[in-house]
Amino acid sequence: SSVYVNLNDKIPLGGLTAKLTKSSWKEYVDIDSCKSNEKICLGKDIVLKQFDSIEDYKKFALDCLDDIRLNKEKYKELEE
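These numbers were taken from a predicted model, which means no experiment stands behind them. (Residues numbered from 1 in each chain as written. Predicted model: local features only at pLDDT ≥ 70, side-chain atom pairs only at ≥ 80, totals over all residues. Heavy atoms only, no water.)

J.: Can you lay out the overall build of the protein chain for me, pointing to particular residues and giving the numbers?
T.: Helices and strands together make up the secondary structure of the protein chain, namely four helices and zero strands. Burial analysis of the protein chain (80 residues in total) assigns 28% to the buried set. Considering only residue pairs separated by 6 or more positions, the protein chain has 43% of its internal contacts joining residues 24 or more positions apart. By element, 53% of the accessible surface of the protein chain is carried by carbon and sulfur atoms, the whole surface being about 6,200 Å². (Helix = DSSP H or I, 4+ residues; strand = E, 2+ residues; numbered from the N terminus. Buried < 20%, exposed > 50% of the residue type's maximum accessible area, 1.4 Å probe, protein only. Contact = heavy atoms within 4.5 Å. Areas by Shrake-Rupley, 256 points an atom, 1.4 Å probe, with all protein chains shown as cover.)

J.: Tell me about the confidence of the model for the protein chain, and name the residues and values.
T.: Segments scoring low in pLDDT should not have their predicted coordinates read at a detailed level. Per-residue confidence for the protein chain gives a mean pLDDT of 74; residues scoring 70 or more make up 60%. Across the protein chain, helix α3 (residues 44-48) holds the top mean pLDDT of 84, while helix α1 (residues 2-6) sits lowest at 68. (pLDDT = per-residue confidence, 0-100.)

J.: Run through the nonpolar core, naming residues and quoting values.
T.: Residues Val3, Leu7, Trp25, Tyr28, Val29, Val47, Leu48, Tyr57, Ala61, Cys64, Leu65 and Ile68 constitute the largest nonpolar core, which totals twelve residues. Elements with a contribution of two residues or more to this core: α2 (25-29), α3 and α4 (54-79). Looking at this core, the element that brings in the most residues is α4, giving five residues. (Core = buried A, V, L, I, M, F, W, Y, C linked by side-chain atoms within 4.5 Å.)

Next comes the structure, spelled out in structure tokens:
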């Protein structure tokens, strides 16, 4: 679920969330360049400690993003 939350601005969710422009992605994968006033997420350590590195999490998240998009397309086709 961290992937869905962190990349919410990359996935068209519909409804009110369709207008989301912020995400916690930068906090997870580019920690050093994230300014304190840009931080919107707590508990990153819980997620990141499950991976050997930030790069591992980034790869996992981007792979999941592809799956999320594919599943949304399949679900949309089923509705038609």
